[in-house]
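Residue-level structural notes
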Amino acid sequence: MSEIDAASLVSPRVSWTDDHTCTRKAEPSMRHDPRRLSQDLYPLRRTVTPLFGDVDALGHVNNVSIARYFEQARVLVMEELTSALGGPAFERAVLARIEIDYLAEVFYPHEVVISTGVSKVGTSSLVLGSALFQHGRCVALATSIDVGTKPEGGAAPISDEVRAVLDKYLLDLPN
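What you are looking at is a predicted structure, and each value in this text was computed from that prediction instead of being measured.

Pairing is antiparallel across the open sheet formed by 5 strands, whose spatial order is 3-5-6-7-4. Edge positions in the open sheet fall to strand 3 (44-48) and strand 4 (92-102), since each of these has one partner strand only. Direction aside, neighbouring strands of the sheet carry axes that sit 25 degrees apart on average. When strand 5 (residues 112-121) meets strand 6 (residues 125-134), the two strands line up antiparallel, connected through 8 bridges. Paired with Ser115 across the strands is Ala131, a residue of strand 6. Across the sheet, helix 1 (residues 63-85) touches strand 3, strand 4, strand 5, strand 6 and strand 7 (137-149), and the angle it forms with strand 6 is around 125 degrees.

Given below as structure tokens:
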């Protein structure tokens, strides 16, 4: 067997020196429009109180709970659509992607404001921009993509009626 180079087993962002010390290259910085940090940007909001079960061993709300709060942002949009249309906007919708930037710790039992709006409406997909605020400070940002689907499979186009309602919740951001 050939000898394995240990350096080939680690991330290219990590390098080892001859004296066996490790150095890390800086991670790329998170990039987001600074306007996303303002609660005033978001047309839809819901306030929740973290549960004791949301807290991890370090005493702050864990990242899985934060992902669930962003699920509530998506639900909030669907509830608004259902209310405005008098029924569901989509026969079925699935989460295709979510990206979360954790900006600060979230603490129990202080309330969290879930804020959301529509970033973009595609042919069959909906991009939401969401943020979590605690004590007026933005603690996390998320971008999610939901896709309307047909029961038999495949994407379902978003109707003009649904688009008209979604326009009311557009975020004032460049695409």
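Okay, the packing of aromatic side chains next. Summed over all chains, the structure comprises 2 aromatic pairs. A ring pair is formed by Tyr42 and Phe133, whose centres lie 6.2 Å apart and whose planes are at 65 degrees; its orientation type is edge-to-face. Taken together, the residues Tyr42 in the loop between strand 2 (22-24) and strand 3 and Phe133 in strand 6 connect sequence positions 91 residues apart. A single burial state applies to Tyr42 and to Phe133, both of which are buried. Aromatic side chains Phe52 and Tyr108 sit 5.8 Å apart centroid to centroid with 75 degrees between the ring planes, which places their arrangement in the edge-to-face category. Taken together, the residues span a long stretch of sequence, with Phe52 in the loop between strand 3 and helix 1 and Tyr108 in the loop between strand 4 and strand 5 at a distance of 56 residues. What makes Phe52 exposed here is its relative accessible area of 63%.

With that out of the way, let us pick up the confidence of the model for the protein. Of all residues in the protein, 82% attain a pLDDT of 70 or more, and the chain-wide mean is 85. Across residues 1-16, confidence stays below pLDDT 50; counting only partners more than four residues off in sequence or on other chains, it has 17 contacts. A low-confidence stretch, residues 24-29 (pLDDT under 50), is modelled with 7 contacts involving residues beyond four sequence positions or located in other chains.

With that settled, consider the environment of Leu132. Take Leu132: it is sitting in strand 6. Leu132 sits 86 residues away from Arg46 along the chain, and the two C-alpha atoms are 9.8 Å apart. The residues touching Leu132, leaving out its near neighbours within four places in the chain, are Ile66, Tyr69, Phe70, Val112, Val113, Ile114, Arg137, Cys138, Val139 and Ala140.

Counting 14 residues, the largest nonpolar core has Ile66, Tyr69, Phe70, Val106, Val112, Ile114 and Leu132 as the members making the most contacts within it. Looking at this core, the elements with two or more residues in it are helix 1, strand 5 and strand 7. Ignoring anything within four residues of it in the chain, the contact list for Ile114 reads Leu44, Arg45, Arg46, Val48, Tyr69, Gln72, Ala73, Ala131 and Leu132. Listed in part, the 13 residues of the second largest apolar core include Val77, Leu126, Ile158 and Leu166.

For helix 1, built from 23 residues, the straight-helix expectation of 33 Å at 1.5 Å per residue is met to within 8% by its first-to-last C-alpha distance of 34 Å. Looking at helix 1, one finds that the buried residues are Ser65, Ile66, Tyr69, Phe70, Ala73, Arg74, Leu76, Val77 and Leu81. Where helix 1 is buried, its residues meet strand 3, strand 4, strand 5, strand 6, strand 7 and helix 2 (160-166). The N-cap of helix 1, judged by a side-chain oxygen 3.0 Å from the amide nitrogen of Val64 a few residues on, is Asn62. Looking one or two places after helix 1, you find Gly86, whose phi comes out positive at around 75 degrees.

With that out of the way, let us pick up the environment of Ile100. Inspection of the secondary structure assignment puts Ile100 in strand 4. For the pair formed by Ile100 and Phe70, sequence separation is 30 residues and the distance between their alpha carbons is 8.8 Å.

Rules of the game
Residues numbered from 1 in each chain as written. Predicted model: local features only at pLDDT ≥ 70, side-chain atom pairs only at ≥ 80, totals over all residues. Heavy atoms only, no water. Pairing = 2+ DSSP bridges. Helix = DSSP H or I, 4+ residues; strand = E, 2+ residues; numbered from the N terminus. Axes fitted to C-alpha atoms, helices over the stretch in contact; angles between N-to-C directions. Contact = heavy atoms within 4.5 Å. Phe/Tyr/Trp six-rings, centres within 6.5 Å; stacked < 30°, edge-to-face > 60°. Buried < 20%, exposed > 50% of the residue type's maximum accessible area, 1.4 Å probe, protein only. pLDDT = per-residue confidence, 0-100. Core = buried A, V, L, I, M, F, W, Y, C linked by side-chain atoms within 4.5 Å. Expected span 1.5 Å × (residues − 1). Polar contact = N/O pair within 3.5 Å; in protein donor to acceptor, adjacent residues only side chain to side chain.

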